[in-house]
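The lines below spell out each chain.
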Amino acid sequence: MSEASGHVLVFPYPFQGHINPMIQLSKRLSKKGLTVTLIIASNNQREPYTSDVYSIIVHTIHDGFLSHEHPQTKFNEPQRFINSTTRSLTDFISREKLKSNPPKALIYDPFMPFALDVAKELDLYVVAYSTQPWLASLVYYHINEGTYDVPDDRHENPTLASFPAFPLLSQNDLPSFAREKGSYPLLFELVVNQFSNLWRADLILCNTFDQLEPKVVKWMSDQWLVKNIGPMVPSKFLDNRLPEDKDYDLGDFKTEPDESVLRWLASKPAKSVVYVAFGTLAALSEKQMKETAMAIRQTGYNFLWSVRDSERSKLPSGFVEEALEKDYGLVAKWVPQLEVLSHDSTGCFVTHCGWNSTLEALCLGVPLVGMPQWTDQPTNAKFIEDVWKIGVRVKAHEEGFVSKEEIARCIVEVMDGEKGKEMRKNVEKLKVLAREAISEGGTSDKNIDEFVALWT
Ligand code: UDX
């Protein structure tokens, strides 16, 4: 470990799936000796505090929304978010620069290009840290460059999309925002604008590892100064020698997991439980939620399903109660996903293929049933099924709807089929590579060391 004392600022895009990998990076930098200030743009202001396990100071800055406004509003009114957060970030960094250990660098999520402009203006070294995979970013890059045209109507453009370093992508494999103009105009702008000023960044980091996406990484590295530093999974799940590495230690910026699920999981035989979770944002239609529930029931496997409160009413009536009573299934509103994935009882993971979930599963050697919903997830699912061969993607019919027979078929295939055995072997191989990358001296660890060395 290097002896460093430099001070860096870390500024995540304020949604859970983006905050988690930024927190992990903050912990690694702090462990390697840097002073880290984590800045959270929020409508819920609180006093600054220091995390009890790491010396990470957490500050909230105002994002321009009122305390009662739903976080989702930031999606719908991006300009209000950008204007207010630009002002509060400028004020915050200006004040920090007057202190005895002024910050030298800002690590920001490229979903907020304005943060780069603020930091450059204030003479900081600027690092873009992409918490999404290159798989999606590369597509957005080509859209921004004008080298890929998003069709007005995807049904009129059934051809395969070709990108350097990628297998050919069908329309269904593309990130959802890149399929059709106008389907999510604000989010489309958000993901493509990442590249509007990225050439001004001093360094680009990504939450992946060289061995996972070698062709894509090589292509990106030829264009930009890119370093991969992932997978950003807490080291306690990768290396038992680091028991002090607590995952859930940063106050408000997570939801408290329900530990009772681990007790329930421990009561089940090895590899007997199907774990189901669709991340922090995706909302399945009520019809799809019911169909998924029936599919799980039909397979007869034990199951653990993380269902947010806002989704629970979509489950079939009596489904939760019957599973509990007969003790074959548990529905919880938030589970400690890493513990669940690393548990002996877990046999497979039915997932929306969010990037964090994908990395976590492959680090912990769990094969996948992919049910991608939107954003980068379809492209992640394509790689899961066809490139890494660590899972199977459900096939949808009529406008994205997936039948219970298809979901059940995929679950059985991964749990007990011949292909499932192959997938298990492949995911074990990736697990080893992921752990090597992040262990001391591995490719990702070295890249973090090089960054830390800039400030020693
Ligand atoms: C979003 C996008 O959906 C994703 O595709 C993108 O790459 C990042 O932003 P999200 O939908 O939240 O993320 O999915 P994912 O990236 O998988 O992150 C979910 C995180 O929440 C994971 O770290 C997972 O471990 C955690 N989680 C989820 C829990 O700890 N418990 C739960 O019950 C559910």
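Residues numbered from 1 in each chain as written. Predicted model: local features only at pLDDT ≥ 70, side-chain atom pairs only at ≥ 80, totals over all residues. Heavy atoms only, no water.

- The protein chain has the name Glycosyltransferase in an unreviewed UniProt entry, where Brassica napus is given as its organism.
- Regarding the protein chain, the UniProt comment filed under Sequence similarities (unreviewed entry) reads as follows: "Belongs to the UDP-glycosyltransferase family." (UniProt positions renumbered as here; feature names shortened; annotations may be inferred.)

## Brief notes about the packing of helix H3 (residues 78-96) against helix H4 (residues 113-121)
So, point 1. For the pair H3 and H4, the least separation of the axes is 10 Å and the interaxial angle reads 30 degrees. The orientation of H3 with respect to H4, classified from their angle, is roughly parallel. Both H3 and H4 take part in a crossing whose hand is right-handed. Every residue of H4 that contacts H3 at Phe81, Ile82, Thr85, Thr86, Leu89, Thr90 and Ile93 is listed here: Phe114, Ala115 and Val118. (Axes fitted to C-alpha atoms, helices over the stretch in contact; angles between N-to-C directions. Helix = DSSP H or I, 4+ residues; strand = E, 2+ residues; numbered from the N terminus. Parallel < 35°, antiparallel > 145°, perpendicular 65-115°, else oblique. Left-handed = near helix turned anticlockwise from the far one by under 90°. Contact = heavy atoms within 4.5 Å.)

## Re the pairing of strand E1 (residues 7-11)
So, point 1. Of all 5 residues in E1, 5 are buried; the element is thus mostly enclosed.
So, point 2. Of the two faces of E1, the one holding His7, Leu9 and Phe11 and the one holding Val8 and Val10 are both buried throughout.
So, point 3. Pairing of E1 with strand E2 (residues 35-42) involves 4 bridges; the strand directions are parallel. Pairing of Val8 across the sheet is with Val36, part of E2.
So, point 4. The parallel pair E1 and E2, bridged by helix H1 (residues 16-31), forms a crossover whose chirality is right-handed.
So, point 5. Two strands pair when backbone bridges link them, and E1 and strand E5 (residues 105-108) are joined in this way by 4 bridges, in the parallel orientation. By the bridge assignment for E5, Val8 is matched with Ala105. (Buried < 20%, exposed > 50% of the residue type's maximum accessible area, 1.4 Å probe, protein only. Pairing = 2+ DSSP bridges. Right-handed = clockwise from strand over helix to strand, strands pointing away.)

## Description of the packing of helix H5 (residues 134-145) against helix H6 (residues 185-193)
So, point 1. The contact between H5 and H6 brings their axes to 8 Å, and the two run at 95 degrees. With respect to H6, the axis of H5 lies roughly perpendicular. Residue-level inspection shows Tyr140, Ile143 and Asn144 of H5 in contact with H6, the latter providing Phe188, Val191 and Val192.
So, point 2. Class assignment for the residues of the contact of H5 with H6 results in 5 nonpolar, 1 polar and no charged. (Nonpolar A, V, L, I, M, F, W, Y, C, P; charged D, E, K, R; others polar.)

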